[in-house]
Structures are given as C-alpha cells and as structure tokens.
Amino acid sequence: MPSLSSRTAGFTDSVIRRMTRISNQYGAVNLSQGFPDFEPPKEILNRLAEVTKEDFHQYSITWGAQNFREALARKHEHFSGQKIDPNSEIVVTCGSTEAMMAAMLSVTNPGDKVIVFSPFYENYGADTILSNAEPIYVPLIPPEFKFNPDVLEAAFRQNPKAIILCNPSNPCGKVFTRDELTIIADLAKKYDTFVITDEVYEHILYKPNAHVYMSTLPGMKERTILCNSLSKTYSITGWRLGYVVAAPEIIDTVKKVHDFLTVGAAAPLQEAAVTGLNFPDAYYLDLQQKYTEKRDLFLNGLDTLKISHTVPEGAYYILLDISEFGYEDDLKFCEDLARLVGVGAVPGSSFFKEPENRYIRFHFAKKEKTLNEALNRLNDLRKKMPYHV
Ligand code: GLN
C-alpha cells in the first residue's frame, strides 16, 4: 500500500467531536461539543418548511444566494456600522470551519507562519497543518487570558503572513477590548500581516462586555478576513452556514478556493436563514439575556462544588481547574467523568500549545433542565472520581 499524506499525520481526529461520541456511549449529559439542545427560533423553522415546497433545491450561486448575501451585508452593517458590498465582499461557506480553511488557503503559502493565540479552538491547529503553514503560538495567560504585547511583537518579528483571532474566544471566554485589538491591529499594520478573525460568538456576550469588530479599526478593513457563521447566533449548528467578509481582492480568491472545496452551502437552508438575518434587535437582546441566565445558573451551581473556574465574558464555555484530582492525562479524566459521573467535558490540553493538563472545558448552551441535571450529577464528583495524588 502506498503511504497516506504526511500532511495528515500531524494531527488526530477532533478531540471535541470524540468527546461527544464518548458522552453518547456512556449516556452522559454532553457538555463537551458546544451546541444547543434547545430549538432554533420557530420563525426560521417555519420558513424552512415553506422553502421545501419552493424552488430552492438546486445549487445557489457558488459564493452564496443573492438575497442571503444581501441580508448578511445588512445585518453586518447594522451591528458593525461598516458597509460591505454583498457582491464583492462576502463568500458564503459551509460553516465557519470552511470559512477559516478557505481564508487560510487563500492567504498562506507552504511554510508561511501564522500566529495563533493559545489556548485556541482546535481547528486552527489543523487548519495551519492542512495549509502547510507553520503556527507561532502566543500565550493568553490565565486567569485573565491577557497577552504580553512584547511576546506578541516578537512573534510578529518572525514575519508571519497572518494572525488568527477568535473573539469572543473559545475556550477561555475572553472578549478582547478595543485597546487589546488596537495593539494587534497596529502590529498587523507594522508587520504587514493579515488578521483572520473567528467572530462566531459576536452576539453571545455578558455585560458589560461589548464586541468590537477588528475590521472597523482604522486601516484594518483591507487586511481583516472575518470568518463567521449563523450556527451559534440562531442555534443552527447543523445547518453549516458560514461566511467570509473581506476586501474584494481577497474575496476574489476566497471565492475560487471555496468553489473548489465545496461548491456551495445548502440552498434551501440559506433561503430559510434569511428570516433570522432579518430579526429585529430584540432577538439579539433576548439571546444575550438567555445566555446570561444559563451562565449564571451554571456558574452558581459550580461554585457550590468549590472548584475554581473561569467566568466567561463572552461565548459559552467554562474552563475548570481539575488539578486537585492529580490526573496526568486530562483526556483520561474526561473519559472517567463521562463514565463515572455521567457528564461530558473536553480535555483542556486539546486547546493549549503549552503542556497543560489542569483544565477541562464545559459549555452551557443547554436547557435549564439539562444544566440542572449536569449539576446534580457533578455533586458526586469528589465521591465518584478517583484521586491520583
Ligand atoms: N465550536 C464548538 C466547540 O468548540 C463546536 C465545534 C465543532 O464541533 N464544530 O465545541
């Protein structure tokens, strides 16, 4: 047998998706892979039912249906204050996963360096490997997950082609402030680097935090490649609707890459999702309110366990410190947790470049009932989990 590509030898399957399979195997409450267990807005579902009887069953325009791109441009302008051209500045993709991959393949040559903050969403590691780029990791230092500007500048001095910025951040829940974004933007301009952003949690924020779009900072529109999706905002992770927003010269190339990667996102789903993109502001306020209630419920429950944890400013993830259990392998901890306690988590090591085994990640995009069930089970954590100290 000939050997398989060396490109793929550098990474394993996704630990996040693996933990969902392990949770299902043990009937655990799955707080590992971040997706809601509540219904998407009924207006979107009603429109989907209608769409099945209309003429949306063939390919849409490869870079996205016209009305979907127009609705995206309107929504983006409403929230960012930045006008974008739906014809030349947006490509619709199959989820932000494809958006990131298309962005990486569009800007990097083999061997190019790309800055990635650590901890990071695991796909970025695989994205750099698949595009034959070389990551330079810059730590976000717990407990506040701030970066050291000197360390960041040292990374920029290595002449990277791009920096990947997840804001609000998965898994640490950090919302980058305008000042922090300005430091990154100034370095990107100084060292002539693209900024590839992942802003899928733009609407999941906790007061008093506010989302600042990197592309709205002075001089950043032309070098920011914004990757986004409808998954989290409208609770439709399975629809795989994502998009890239960038300057026309960049989008020209992203269109080609996207076309050959996937041709296009599902036409009926784009049509149905236009309903969501046209929602009034009340929808987004309500979303924030709901997530704030979930966060508070879950954090209060965790506090009674007396385990230290992060308090997210945005997104819906919490890192818990499990060092008291003395596990050397946090994946083993998560397997034991699913099997013995019945709650699914993601080992923190899958997000960190540094050798780190003291965190696990939970998400709380779940119904109140599900979160209470998880908290009930976690009450027995210290009774049921073995100690290795
Ligand atoms: N972004 C979500 C997470 O971090 C889901 C990832 C995925 O499986 N696509 O859990």
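Residues numbered from 1 in each chain as written. Predicted model: local features only at pLDDT ≥ 70, side-chain atom pairs only at ≥ 80, totals over all residues. Heavy atoms only, no water.

Visitor: Is there a simple way to explain the nonpolar core in this structure?
Guide: Across soluble globular proteins, nonpolar side chains show a tendency to be buried alongside one another. The biggest cluster of nonpolar side chains holds 128 residues, and the ones touching the most others in it are Phe68, Phe117, Leu152, Ile196, Leu230, Leu337 and Phe362. Counting residues per element, this core draws most heavily on helix 10 (residues 281–305), which supplies eight residues. Residues in contact with leucine 152, not counting those within four places in the same chain, are Ile115, Phe117, Val138, Phe147, Ile163, Ile184 and Leu187. (Core = buried A, V, L, I, M, F, W, Y, C linked by side-chain atoms within 4.5 Å. Buried < 20%, exposed > 50% of the residue type's maximum accessible area, 1.4 Å probe, protein only. Helix = DSSP H or I, 4+ residues; strand = E, 2+ residues; numbered from the N terminus. Contact = heavy atoms within 4.5 Å.)

Visitor: Teacher, can you tell me more about the pattern of salt bridges here?
Guide: Side-chain pairs of opposite charge can arise whenever the charged atoms involved come near each other. All told, the structure shown has 22 salt bridges when counted by the stated rule. In this structure, glutamate 271 engages arginine 47 in a salt bridge whose closest nitrogen and oxygen atoms are separated by 2.8 Å. Of the two residues, glutamate 271 sits in helix 9 (residues 267–277) while arginine 47 sits in helix 2 (residues 42–51), which places them 224 residues apart along the sequence. Like glutamate 271, the residue arginine 47 is buried in the burial classification. It is possible to trace a salt-bridge network through shared partners that takes in Arg47, Glu50, Glu54 and Glu271. (Salt bridge = Lys/Arg side-chain N within 4 Å of Asp/Glu carboxyl O.)

Visitor: Please explain the environment of asparagine 209 as it appears in this structure.
Guide: Among the structural elements, asparagine 209 can be located in the loop between strand 6 (194–198) and strand 7 (224–229). With 184 residues separating them along the chain, asparagine 209 and glutamine 25 place their C-alpha atoms 38 Å apart. Residues in contact with asparagine 209, not counting those within four places in the same chain, are Val175 and Glu313. Looking at asparagine 209, its side chain comes within polar contact range of the main-chain oxygen of tyrosine 206, at 2.7 Å. A distance of 3.5 Å separates the side chain of asparagine 209 from the backbone oxygen of glutamate 313, its partner in a polar contact. (Polar contact = N/O pair within 3.5 Å; in protein donor to acceptor, adjacent residues only side chain to side chain.)

Visitor: I tried to follow the pairing of strand 8 (residues 241–245) on my own but got confused; where do I start?
Guide: The side chains of a regular strand alternate, first on one face of the sheet and then on the other. When you tally the buried positions in strand 8, you get five out of five residues, the bulk of the element. Pairing geometry for strand 2 (residues 90–94) and strand 8, over five bridges, is antiparallel. Bridge pairing in strand 8 links valine 91 to valine 244. As paired strands, strand 7 and strand 8 are joined by four bridges and run antiparallel to one another. By the bridge assignment for strand 8, serine 229 is matched with glycine 242. (Pairing = 2+ DSSP bridges.)

Visitor: I keep staring at the packing of aromatic side chains and nothing clicks. Help me out?
Guide: Working definition: an aromatic ring pair is given by the centre-to-centre distance plus the angle between the planes. Overall, the coordinates contain 23 aromatic pairs when judged by the stated rule. Where phenylalanine 79 meets tyrosine 284, the ring centres are 4.8 Å apart and the plane angle is 70°; that geometry is what we call edge-to-face. Here tyrosine 284 lies in helix 10 and phenylalanine 79 lies in helix 3 (residues 66–80), a separation of 205 residues in the sequence. Assessed through its relative accessible area of 29%, phenylalanine 79 is described here as partly exposed. A relative accessible area of 4% places tyrosine 284 in the buried class. An angle of 75° between the planes, with centres 6.3 Å apart, marks the rings of tyrosine 234 and tyrosine 284 as edge-to-face. Remark: tyrosine 284 occurs in helix 10 and tyrosine 234 occurs in the loop between strand 7 and strand 8; sequence separation between them is 50 residues. Both residues of the pair, tyrosine 234 and tyrosine 284, belong to the buried class. The ring of phenylalanine 176 has lysine 174 lying over it, and the distance from NZ or CZ to the ring centre is 4.9 Å. Directly above the ring of tryptophan 63 sits lysine 255, whose terminal nitrogen or CZ lies 4.2 Å from the centroid. (Phe/Tyr/Trp six-rings, centres within 6.5 Å; stacked < 30°, edge-to-face > 60°. Lys NZ or Arg CZ within 6 Å of the ring centre and 35° of its normal.)

Visitor: Teacher, can you tell me more about helix 9 here?
Guide: Residues lying three or four places apart along an α-helix face the same way, a consequence of the helix completing one turn every 3.6 residues. With nine of 11 residues buried, helix 9 lies mostly within the body of the structure. All of the buried residues in helix 9 are Ala267, Leu269, Gln270, Glu271, Ala272, Ala273, Val274, Gly276 and Leu277. Check the buried side of helix 9 and you find it contacts helix 2, helix 3, strand 2, strand 8 and helix 10.

Visitor: I tried to follow the site of the ligand on my own but got confused; where do I start?
Guide: All residues adjacent to the ligand are Ile16, Arg17, Gln33, Gly34, Tyr121, Asn170, Tyr201, Lys232, Tyr317 and Arg361. One nitrogen or oxygen atom from the side chain of tyrosine 201 is found 3.4 Å from a nitrogen atom belonging to the ligand. Arginine 361 has a polar side-chain atom sitting 2.7 Å from an oxygen atom of the ligand. For the ligand, the accessible surface in isolation is 290 Å², of which the surrounding protein chains cover 88%. (Near = heavy atom within 4 Å. Areas by Shrake-Rupley, 256 points an atom, 1.4 Å probe, with all protein chains shown as cover.)

Visitor: It is not clear to me how the sheet that holds strand 8 should be interpreted in this structure. Could you clarify?
Guide: Spatially, seven strands are ordered 2-8-7-6-5-3-4 in an open sheet, and the strand pairing comes out mixed. Both edges of this open sheet fall to strand 2 and strand 4 (134–139), since each of them pairs with a single strand only. The average undirected angle you get between the axes of adjacent strands in this sheet is 25°. Where strand 6 and strand 7 come together, four bridges link them in parallel fashion. By the bridge assignment for strand 7, isoleucine 196 is matched with isoleucine 225. Across the sheet, helix 6 (residues 149–156) touches strand 3 (113–118), strand 4 and strand 5 (162–166), and the angle it forms with strand 4 is around 170°. (Axes fitted to C-alpha atoms, helices over the stretch in contact; angles between N-to-C directions.)

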